[in-house]
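# Survey of secondary and tertiary structure
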Amino acid sequence: MERYKLELVGITYNQIESGVYAVILKEVGGQRRIPIIIGYPEAQAIECKLQDVVTPRPLTHDMMINFMQEFGIRLQEIEIRRLPSGVFAADLIFTDGTTIHTVDSRSSDAIALAIRADAPIYTSAEVLEEAGFCPEEKETEEKQSRQRTGRPDFAASPRKQKPAPRTAEELRELMQKAAENENYEEAARLKAELDALEQEEDTDANEVV
């Protein structure tokens, strides 16, 4: 199976939806990138390592690295894969120098461990083809679209409307389903949306009183 090596570009923060982050992986020797939605704790763990932030006590992923070193275990590599549901997951490939073991993991946790263990990150050609995008090509397509229509892209699709806001009950139900499907990144995003909605409702109630 053909594989591609990836490198971590960084983390982006969604300015519209509070608490939603995305880790960006880039194809080594290429232009394609893969965005993976992650929660705040994982984003914090990755960012702390990228910024060389020293915490008073070991974070969870730092503790895992300490555990591995204590018992002579090395993270050889990780491989990003995509589940049928579209959720990203990863395989952690460990070795003790004699045998190799593969452990299932969330993609965010795998990346947090990989950058601490200096382990390479790989993915399949299929995942890169399905989820990858090239910034330059995307920018060119948008420019060509504006030239053809003579107006911004959003004006070229007047029928596209902003989806109706979801109720707190709907968000709780979606969050529960996401957790049951082990889609923790989506559950974290929905939780942030629910918290923002409940805070807004509390503010409105206080103003009425």
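Structure: see above.
Heads up: these notes are all about the structure in this document. In this text the structure is predicted, and so the values were computed from the model without any measurement.

### Things to note about the packing of helix α1 (residues 40–50) against helix α3 (residues 107–117)
At a minimum axis distance of 9 Å, the contact between α1 and α3 shows a crossing angle of 15°. When the axes of α1 and α3 are compared, the pair comes out roughly parallel. For the pair α1 and α3, the sense of crossing is left-handed. Across from E42, A45, I46 and K49 in α1, the residues of α3 making contact are S108, D109, I111, A112, I115 and R116.

### Digging into the sheet that holds strand β6 (residues 100–106)
Strand pairs in the sheet, formed through backbone hydrogen bonds, run parallel or antiparallel to each other. Strand order in the open sheet formed by 7 strands is β3-β2-β1-β7-β4-β5-β6, with mixed pairing between adjacent strands. Looking at which strands have only one partner, the edges of the open sheet turn out to be β3 (33–38) and β6. Averaged over all adjacent pairs, the angle separating strand axes in this sheet is 35°, with direction ignored. Bridge count for strand β2 (residues 21–27) against β3 is 6 bridges, and the pairing is antiparallel. Paired with V23 across the two strands is I36, which belongs to β3. In the packing of α1 onto the sheet, contacts are made with β1 (3–13), β2, β3 and β6, and the angle to β1 comes to roughly 100°. Sitting on the sheet, α3 touches β1, β2, β3, β4 (74–82), β5 (88–95), β6 and β7 (121–124), and the angle it makes with β4 is about 150°.

Cut-offs and rules
Residues numbered from 1 in each chain as written. Predicted model: local features only at pLDDT ≥ 70, side-chain atom pairs only at ≥ 80, totals over all residues. Heavy atoms only, no water. Axes fitted to C-alpha atoms, helices over the stretch in contact; angles between N-to-C directions. Helix = DSSP H or I, 4+ residues; strand = E, 2+ residues; numbered from the N terminus. Parallel < 35°, antiparallel > 145°, perpendicular 65-115°, else oblique. Left-handed = near helix turned anticlockwise from the far one by under 90°. Contact = heavy atoms within 4.5 Å. Pairing = 2+ DSSP bridges.

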